Amino acid sequence: MFIEGAANLSRHVKVVDALNVFPVPDGDTGTNMNLSITSGVKEVKLAIQDDSSKVAASFAKGLLMGARGNSGVILSQLFRGFSKHVEGKAQISATDLAQAFESGVQTAYKAVMKPVEGTILTVAKDAAKHSMKIAKKHDDVIYVMEETLKEAKESLKRTPDLLPVLKEVGVVDSGGQGLVYIYEGFLAVLKGEELSDVSPVDEVSMDNLVKMEHHNAQSHMATEDIEFGFCTEVMVRIEDDKIRKHPYVESDFREELSQIGDSLLVVSDDDLIKVHIHAEQPGEVLTKAQRYGELINIKIENMREQHTHLLDETKEAYGQNTSQDVVSKKKEKSEFGIVTVAMGDGIANLFKGLGAGVVIEGGQTMNPSTEDIVNAIEEVHAEKVIILPNNGNIIMAAEQAAEVVGEKAIVVPSKTVPQGLAALLSFNPTQGLEVNGGMMKDALSTVKSGQVTYAVRDTNIDGIDIKKDDFMGIAEKKIVSSGSDILDVTKQLFTQMIDDETEIVTLLQGEDAADEQTNILVQFIEKEFPEVEVDVHLGNQPLYSYIISVE
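Quick caveat, the model's predicted, so the values are computed rather than measured.

Chemist: Can you walk me through the overall build of the protein chain in this structure?
Modeler: The helix and strand tally for the protein chain stands at 22 helices and 16 strands. Across the 551 residues that make up the protein chain, the buried fraction comes to 55%. A separation threshold of at least 6 residues defines the contact pool for the protein chain, and within that pool the share at least 24 residues apart is 71%. Here the protein chain has roughly 24900 Å² of accessible surface; of this, 48% comes from carbon and sulfur atoms.

Right under this line is the structure:
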């Protein structure tokens, strides 16, 4: 059922991506949902079973680790709650199915700080409520699923009535539409209907991400610098008699393993525990894990041996230096580490220059997953980690990553690059983690953010007529100017954003903006706002000709 739901969503990714409220080139809801659910399906395929409870648990676990963007995180929470309700049930009845949908809704709503109606949450909630009503009268799984899908479609049609911006643009909610496609797949497989073969694209697995992470890290270090030499992965099938002797607490087990290795990832439910760790004594890891159950799917690789081969291959392919020419960079954990997200090498370098330890490449059209952020947290190699998402669509994945790694990480919910820069400037290494988190959150309100990009379709929003390929000036989330001349559009945006309190304007030049245009814009500010200081940086970001910070 989960596999066919994912396949049907994959078939309609471009449709969901196109249902984007703002006509900016960032329609990625379908892509995020597809990558997230594909991760869940990959986990299911690792151990195909007839037990509904175990299949649901595997699906939820994969979704959680692969969740990308708000839509992906919400989707992961819907099925996390679904999984919790059906645990222990090898087969599920119509009532079980309805109650599982309802449990998923409750879990998802709790995970969202400020739930917005007219979104995927509303579609899931309405469908679950109707499902519960139908299940009280009909003990038929197929009929309940039919009615659930029917109500989901009706709720989707109502989303523009709950979110005026949807009605203004003439679209339904993209996340809700994605959920409908998933439910269509569920129903088709329950009815035994054939779905055309679909090969979901861009499949992401923990194994592939780990391999990419190893390659990136190892090609920039010497073999002798590898402190923990064995990549150790093990899955534990939990056994009740062992749990009674050694009660399992995920956070405690994670903390215990962190003392004997790094690059640690622990994922667990009531049936399975999965561990990935770099350790010097892999046998010790297996011994500790075996306290909780039977060891399955054990994989141990000698990273020093792999690294030597990797360097030789890299040298042969690219002419790069071998380990003998690399300066050792291994060091003890620093007290603080900053993880941030940015697109454009200029912006990445700007964050690094201000003290960011790891900059994840990503942004509006390429949201990093929970696992990407977990890997970055480990890479920054610090006792305390502060995460700056710099995009509203990445905040939930960042929060899930912080929850996975434990108390050592917090999220400062920056929604834009200017907010992220302002927060980073307020960081004080002499203060504690919580104090810094508070100060950095306060800094978010001290800056106004603007962007100049182009429209991907004709539309009218906030009373402004917008033509395809026109430039648009966006102040915070509001489109304030539009036209075919980028200079006019940007000047109008400046006029809207700069006021008597403004002291400095920072201009981040995108990869498609010309130096001549930037010089003209600087001259405009100096002439029209002589008291305002102008700071220009080459951001090289895609999609946005200019990102503007006003303080």
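Chemist: Is there a simple way to explain the sheet that holds strand 6 (residues 358–361) in this structure?
Modeler: Taken together, the four strands give an open sheet; going across it, the order is 6-5-7-8, and neighbouring strands pair in parallel fashion. Each having just a single partner strand, strand 6 and strand 8 (409–411) make up the two edges of the open sheet. Each strand of the sheet is rotated relative to its neighbour by a mean of 20°, with strand direction disregarded. Pairing of strand 5 (residues 334–342) with strand 6 involves four bridges; the strand directions are parallel. Residue pairing in the sheet places A342 in a bridge with E361 of strand 6. Against the sheet, helix 18 (residues 395–405) touches strand 7 (382–388) and strand 8, its axis set at about 165° to strand 8.

Chemist: I'm lost on the pattern of salt bridges in this one. Help?
Modeler: Once the charged atoms of two side chains with opposite charge are near each other, the side chains can pair. Going through the model one piece at a time under the given rule, you end up with 17 salt bridges. Salt-bridge contacts for E256 lead to R291; the nearest nitrogen and oxygen are separated by 2.6 Å. You can see E256 sitting in helix 13 (residues 250–258) and its partner R291 sitting in the loop between helix 14 (282–290) and strand 4 (293–302), a full 35 residues away along the chain. Owing to a relative accessible area of 25%, R291 belongs among the partly exposed residues under this scheme. Residue D499 is joined to K448 by a salt bridge in which the shortest nitrogen-to-oxygen separation is 3.2 Å.

Chemist: Mind showing me how you'd approach unusual backbone geometry here?
Modeler: With a phi angle near 55°, H381 is a residue other than glycine that sits in the positive phi range. Along the polypeptide, H381 turns up in the loop between helix 17 (370–380) and strand 7. Positive phi, normally seen in glycine, also occurs at E476, with a value near 55°. By the secondary structure assignment, E476 is in the loop between strand 12 (471–475) and strand 13 (478–483).

Chemist: Honestly, the environment of T148 in this entry has me stumped. Any pointers?
Modeler: Inspection of the secondary structure puts T148 in helix 8 (residues 141–162). The spatial distance from the C-alpha of T148 to the C-alpha of S131 is 5.2 Å, given a sequence separation of 17 residues. Filtering out sequence-adjacent residues up to four positions away, T148 remains in contact with F101, A127, S131 and Y183.

Chemist: In this structure, what is going on with the pairing of strand 15 (residues 533–538)? I would like to understand it.
Modeler: Looking along a regular strand, one sees the side chains alternate between the two faces of the sheet. As defined by bridge partners, strand 14 (residues 504–509) adjoins strand 15 across six bridges and the pair is classed as parallel. Looking across to strand 15, one finds that T506 is bridged to D535. Between strand 14 and its parallel partner strand 15, the chain crosses via helix 22 (residues 515–528), and the hand of that crossover is right-handed.

Chemist: Teacher, can you tell me more about the packing of aromatic side chains here?
Modeler: The geometry of an aromatic ring pair is captured by two quantities: the separation of the ring centres and the angle between the planes. Taken as a whole and assessed by the stated rule, the structure comprises 16 aromatic pairs. Centroid distance F2 to F186: 5.8 Å. Interplanar angle 70°. Geometry classified as edge-to-face. With F2 in helix 1 (residues 2–11) and F186 in helix 10 (residues 174–190), this pair connects stretches of sequence that are 184 residues apart. Each member of the pair, F2 together with F186, is buried. Aromatic pair F59 and F79: ring centres 5.3 Å apart, planes at 80°, arrangement edge-to-face. Of this pair, F59 sits in helix 4 (residues 52–66) while F79 sits in helix 5 (residues 69–86), and the two are 20 residues apart along the sequence. In this structure, F59 and F79 share a single accessibility class: buried.

Chemist: Just checking my understanding: could you explain empty space enclosed by the protein for this structure?
Modeler: The gaps left among the atoms become clear once a water-sized probe is rolled over them. Taken as a whole and judged by the stated rule, the model has two cavities of 30 Å³ or more. Lining the largest cavity we find L78, F79, F82, A100, F101, G104, V105, A124, A128, L179 and Y183. For the lining of the largest cavity, the secondary structure elements donating two or more residues are helix 5, helix 6 (94–111), helix 7 (120–135) and helix 10. With four residues, helix 6 is the largest single contributor of residues to the lining of the largest cavity. Of the residues that constitute the lining of the largest cavity, the class distribution is ten nonpolar, one polar and no charged.

Chemist: What is the right way to read the nonpolar core from this model?
Modeler: Membership of the largest hydrophobic core comes to 84 residues, with the highest contact counts inside it found for L78, F79, F82, Y183, I373 and I387. Those residues within four positions of F79 in sequence are excluded, and the remaining contacts are F2, F59, A60, L63 and F186. In this structure, L350, L388, L421 and L444 belong to the second largest nonpolar core, which totals 23 residues.

Chemist: How should I be thinking about a negative patch on the surface in this particular structure?
Modeler: The grouping of D500, E501, E503 and E551 at the surface amounts to a negative patch. With respect to the helices, strands and loops of the structure, E501 is situated in the loop between helix 21 (486–497) and strand 14. Given the relative accessible area of 66%, E501 is considered exposed.

Rules of the game
- Residues numbered from 1 in each chain as written.
- Predicted model: local features only at pLDDT ≥ 70, side-chain atom pairs only at ≥ 80, totals over all residues.
- Heavy atoms only, no water.
- Helix = DSSP H or I, 4+ residues; strand = E, 2+ residues; numbered from the N terminus.
- Buried < 20%, exposed > 50% of the residue type's maximum accessible area, 1.4 Å probe, protein only.
- Contact = heavy atoms within 4.5 Å.
- Areas by Shrake-Rupley, 256 points an atom, 1.4 Å probe, with all protein chains shown as cover.
- Pairing = 2+ DSSP bridges.
- Axes fitted to C-alpha atoms, helices over the stretch in contact; angles between N-to-C directions.
- Salt bridge = Lys/Arg side-chain N within 4 Å of Asp/Glu carboxyl O.
- Right-handed = clockwise from strand over helix to strand, strands pointing away.
- Phe/Tyr/Trp six-rings, centres within 6.5 Å; stacked < 30°, edge-to-face > 60°.
- 1 Å grid on protein atoms, 1.4 Å probe; cavity = no way out; pocket = protein on both sides within 12 Å on 5 of 7 lines; lining within 4 Å.
- Points joined across faces, edges and corners; volume = space filled by probe spheres on them.
- Nonpolar A, V, L, I, M, F, W, Y, C, P; charged D, E, K, R; others polar.
- Core = buried A, V, L, I, M, F, W, Y, C linked by side-chain atoms within 4.5 Å.
- Patch = residues over 30% accessible without salt bridge, like charges linked within 9 Å, V, L, I, M, F, W, Y side chains within 5 Å.
- Lys, Arg positive; Asp, Glu negative; His and termini not counted.
- Charge placed at Lys NZ, Arg CZ, Asp CG, Glu CD.

Read these as geometric descriptors, not functional statements.
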